[in-house]
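Working through the structure, step by step
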Amino acid sequence: MSSIVEKTAVGQAIDRVEGHLKVTGKAKYASEFPVPNKVYAQGINSTIAKGEIVSIDTSEAEKQEGVLKVITHQNAEKLKTFEEEPAAISTDSIAPVLQDHKVHYYGQYIGVVIAETFEQAQYAARLVKVEYRKEASPAIIFEKNKDKAYRPKESSDYSRGDLEKGLSEADEIIDAVYNTPIEHHHPMELHALIASWENGGVTAYASQQMVEDATIAISETFQIPQEKVRVIAAFVGGGFGSKLKVERQVILATMASKMIGRPVQMTVTRHQMFTNTGMRQRNEQHMRIGAKKDGTLTALAHETLSHTSINEEFQESCGMVSKMLYKVPNNLVTHRLMPMNLQTPFAMRAPGEATGSFALECAMDEMAWKLKMDPIDFRIKNDTQTDLSEDQPFSSRLLVECLRIGAEKFGWEKRNMKPRTNKEGNWLKGYGVSAASRNSPYKETHSKVILKQHKDLVEATIKMDATDIGTGSYTIIAQTAAEYLKIPVEQVSVELGDSDFPVTPGSGGSWGAASYCNGARAACEKALQELKKKLNIPEAEEVPVAELLQKNNLMEYEAEGSAKPSEEFEKHSVYSFGANFCEVWVDKDTGMWRINRMVNVGSAGRILNPKTAYGQIIGGLTMGAGMALAEQTRVEPNFGNFITRSFADYHVPVNLDLAQIDVIFLPEEDKIANKMGIKGIGELGITSVAASIGNAIFNATGKRMRDLPITPEKLI
Ligand code: MOS
């Protein structure tokens, strides 16, 4: 038996334990639950960006076969409403909808049709006639709203030293602006839920990343006790941040169910995934870097201008990465927001770091080129083991090792520093590098373990309200239980995504794996400890769990445990680090590119399952390539709708664009981070990928690309 444990416990590349459920269609996603008596909702979106609804005529829609109700601001339940001033939103914010006749952005929900079938609801929604009073001059165009920029209430501005002094001491200065466009997350599973309102409470099969925060948002929006809200999200088909908070369709479906007394399913369309489920905001990042001739950094400023909506505030903190990555005495980070008639942006994979690292790591490359220094040497020269922004050490930081090992695997020594010198036929070949870092949070997590004797085997079930958004939570939690209980992973079942289960922080911010696994570990340790205590066996003694149950005369035993950050954790800055290398080929006549190779080296603590971990990093690299080369959502300048609103025009990389991807994890266990030594990887993989590609394109073509995406016409 011990050999089986060896093969299946933490660190082994086992297949996903829930894989067969997914490929056989047995894993149920939010809109797949056969809830009896359910009906369907279709949201109606505004077709102006700013103004008022003068009238809504729902009579034609209401006459249609199967239509049960049309809800607009005229008959919607009055909910807890917004503050007048823009309020900062978070993952558990209230989400009022249909509360007045005002329109703040194109695509805002202005009504919802409920019908017996999905098709009936969709058809009737088109028959609702809306008359608007359009307000002139909505704030749609980024460039025209700069005078409205303000410092957000929840400011993340930061400074140390004296920037101007640092710049005056520099021998070389980089002063450049980097632009990243609006991007959208498009998880495979559409946002969806089935809400059943009953007895003053609601049960919701929902596609959410954070179960507890969803229950809070729903309970506060409807002003009902949190215990009256049950959220079930056993399987989530991707989120990338878009499912961190409760979006308005969750509230619409719940409100509709409350009004008509039947379960209501609302699945948004792919088109509505552009207008109603958040987005990455457009950022204009102004970088200033000063350095001495020998490569010593003297100053670094990272100033970001972005937009938010009219009545909600969200900022992607692009400059965070510039506070901590390098040893620079004089540092300034600012963020400003413009209120615009666009939906409120929200977190998209590595919010802040993905975009911020593009600006920082391109600017670093520009400086290295100016100094005629190798960009790896330049980064290593300015490495630090102290987080200067917090004045505390990193729990572990192997950035230099990532850069060195990556350089060797990649063949960095073959790079010519001078652009346009590596050619083959029409192709200009370039090598690029960037340093990656991502905060690795860890949060209090509760878990339950149920042990059952089955013949002479012990079967264990782990329960927690964690989610698996495609990342592999089920698998790594099962591996953890197998390891701590010393039973084969086949004897472990994992049940997730139910607000009735012990509370976890959910999947987001790269804290899932560390939090979930330490929570499961704590429950298993607790069970063993309690079973030994009953028998007066010293805690340190190793006794098989089957024997502990038998000796206690127990067929079944249940224990709850919880894990949370230690004091040591709080005294350190806990980050995952990495290095990205890529080789890009650019056609000198057409500007067409091809990413020929990518090598990513990561230092992310203990790797729980190389297979799912590789999946995370490869997904991040692909998303980073999309950010660099293809992804952008364009805003129509007069009406404020998105021109880019389907996969026909919102481009993402495909296999032909990305050739070979190598992922290397440095062996590491970070015991300061948490007892199991785990750090986050969900967002590390996308961080600074765009910079490595931009830098490779410079090396290939001699052109500095500071505006994403780098579409071929920009390279001609
Ligand atoms: Mo992530 S953007 O915290 O899902």
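Conventions adopted
- Residues numbered from 1 in each chain as written.
- Predicted model: local features only at pLDDT ≥ 70, side-chain atom pairs only at ≥ 80, totals over all residues.
- Heavy atoms only, no water.
- Salt bridge = Lys/Arg side-chain N within 4 Å of Asp/Glu carboxyl O.
- Buried < 20%, exposed > 50% of the residue type's maximum accessible area, 1.4 Å probe, protein only.
- Pairing = 2+ DSSP bridges.
- Helix = DSSP H or I, 4+ residues; strand = E, 2+ residues; numbered from the N terminus.
- Axes fitted to C-alpha atoms, helices over the stretch in contact; angles between N-to-C directions.
- Polar contact = N/O pair within 3.5 Å; in protein donor to acceptor, adjacent residues only side chain to side chain.
- Contact = heavy atoms within 4.5 Å.
- Domains from an automatic or database assignment.
- Buried area = accessible area lost by both parts, 1.4 Å probe.
- Expected span 1.5 Å × (residues − 1).
- Phe/Tyr/Trp six-rings, centres within 6.5 Å; stacked < 30°, edge-to-face > 60°.
- Lys NZ or Arg CZ within 6 Å of the ring centre and 35° of its normal.

All told, the structure shown has 44 salt bridges when counted by the stated rule. The partner of Lys-679 in a salt bridge is Asp-670, with the nearest N and O atoms 3.4 Å apart. Summarising the burial analysis for this pair, Lys-679 and Asp-670 share the class buried. Salt bridges sharing partners connect three or more residues here, namely Glu-483, Arg-606, Glu-669 and Lys-671.

Once that is clear, we can look at the sheet that holds strand 12 (residues 229-232). Strand order in the open sheet made by the 7 strands is 3-6-1-13-10-11-12, with mixed pairing throughout. The sheet is open, and its two edges are formed by strand 3 (67-72) and strand 12, each paired on a single side. Along the sheet, successive strands turn relative to each other by an average axial angle of 20 degrees, direction set aside. Examined bridge by bridge, strand 3 and strand 6 (residues 109-115) share 5 bridges and lie antiparallel to one another.

Moving on: the sheet that holds strand 28 (residues 658-665). Sheet architecture is open: 5 strands sit in the order 20-21-26-27-28, paired in mixed fashion. If you trace the sheet from one side to the other, it starts and ends with strand 20 (423-424) and strand 28, each paired once. Judged from the 10 bridges that link them, strand 26 (residues 575-587) and strand 27 (residues 593-603) form a sheet pairing that is antiparallel. Bridge assignment links Gly-578 to a residue of strand 27, and that residue is Gly-602.

Another aspect to go through is the environment of Gly-470. Structurally, the position occupied by Gly-470 is in the loop between strand 23 (457-463) and helix 13 (473-485). In this structure, the C-alpha to C-alpha distance between Gly-470 and Arg-16, residues 454 residues apart in sequence, is 9.9 Å.

Before going further, it helps to spend a moment on the pairing of strand 2 (residues 51-57). Pairing of strand 2 with strand 5 (residues 102-103) involves 2 bridges; the strand directions are antiparallel. If you follow Glu-52 over to strand 5, its bridge partner there is Lys-102. Bridging between strand 2 and strand 7 (residues 129-134) involves 6 bridges; their strand directions are antiparallel. Within the sheet, the bridge partner assigned to Ile-56 lies in strand 7 and is Val-130.

In this fold, His-335 is placed in strand 17 (residues 330-339). At 3.1 Å, the side chain of His-335 and the backbone nitrogen of Cys-318 are in polar contact. Within the structure, His-335 has its side chain in polar contact with the backbone nitrogen of Gly-319 (distance 3.1 Å). Discounting residues that sit within four places of it in the chain, His-335 has contacts with Tyr-150, Arg-151, Pro-152, Ser-156, Asp-157, Thr-304, Gln-315, Glu-316, Ser-317, Cys-318 and Gly-319.

Here we take up the domain arrangement of the chain. Looking at the chain, the domain boundaries give domain 1 (2-24 + 443-564), domain 2 (46-136 + 187-269) and domain 3 (283-441 + 570-715). A straight line from the C-alpha centre of domain 1 to that of domain 3 covers 36 Å. Of the residues lining the interface, 25 residues belong to domain 1; the matching set on domain 3 comes to 19 residues. Summed over both partners, the interface of domain 1 with domain 3 buries about 1700 Å², with 55% contributed by carbon and sulfur atoms. On inspection of domain 1 and its partner domain 3, the count reaches 3 salt bridges. One salt bridge in this structure joins Arg-606 and Glu-483, with 2.9 Å as the shortest N-O distance. For the side of domain 1 that touches domain 3, the secondary structure elements donating two or more residues are helix 13 and helix 14 (512-534).

Taking 1.5 Å of rise per residue, the 12 residues of helix 6 (residues 211-222) would be expected to cover 16 Å, and the 17 Å separating its terminal C-alpha atoms lies within 8% of that figure. In terms of burial, helix 6 is a largely internal element, 10 of the 12 residues being buried. Of the residues making up helix 6, those classed as buried are Val-211, Asp-213, Ala-214, Thr-215, Ile-216, Ala-217, Ile-218, Ser-219, Thr-221 and Phe-222. Elements that come into contact with the buried residues of helix 6 comprise strand 10 (192-198), strand 11 (201-206), strand 12 and helix 7 (248-260). Trailing helix 6 by a residue or two, Gln-223 shows a phi angle of about 55 degrees, which is positive.

Now for the environment of Ala-61. Looking at the secondary structure, you find Ala-61 in helix 3 (residues 59-63). Each C-alpha atom of the pair Ala-61 and Asp-707 lies 45 Å from the other, and the pair is 646 residues apart in sequence. Excluding its chain neighbours within four sequence positions, the residues that come into contact with Ala-61 are Val-67, Val-70, Ala-124, Leu-127 and Val-128.

That bond from Leu-708 to Pro-709 is cis: its omega, -5 degrees, falls within 30 degrees of zero. We note that Ser-137 has phi near 50 degrees; this positive angle belongs to a residue other than glycine. When you line up the elements, Ser-137 lands in the loop between strand 7 and strand 8 (158-160). With a phi angle near 55 degrees, Lys-455 is a residue other than glycine that sits in the positive phi range. Checked against the element boundaries, Lys-455 lands in the loop between strand 22 (445-454) and strand 23.

Inspection of every chain in the model, using the stated rule, returns 18 aromatic pairs. Measuring from centroid to centroid gives 6.0 Å for Tyr-29 and Phe-235, while their planes differ by 50 degrees, and the two rings are tilted. Taken together, the positions of Tyr-29 in the loop between helix 2 (19-23) and strand 1 (39-45) and Phe-235 in the loop between strand 12 and helix 7 put the pair 206 residues apart, joining distant regions of the chain. With centroids separated by 5.6 Å and ring planes inclined at 55 degrees, the aromatic side chains of Trp-197 and Phe-222 adopt a geometry described as tilted. With a gap of 25 residues between them, Trp-197 in strand 10 and Phe-222 in helix 6 connect regions that are remote in the sequence. Trp-197 gets classed as buried once you look at its relative accessible area, which sits at 15%. Classification of Phe-222 by relative accessible area gives buried; the value is 5%. One aromatic cluster in this structure is built from Phe-410, Trp-412, Tyr-431 and Phe-581. Positioned above the aromatic ring of Phe-142, the side-chain terminus of Arg-282 is 4.1 Å from the ring centre. Here the basic side chain of Arg-704 rests over the ring of Phe-698, its NZ or CZ set 3.7 Å away from the ring centre.

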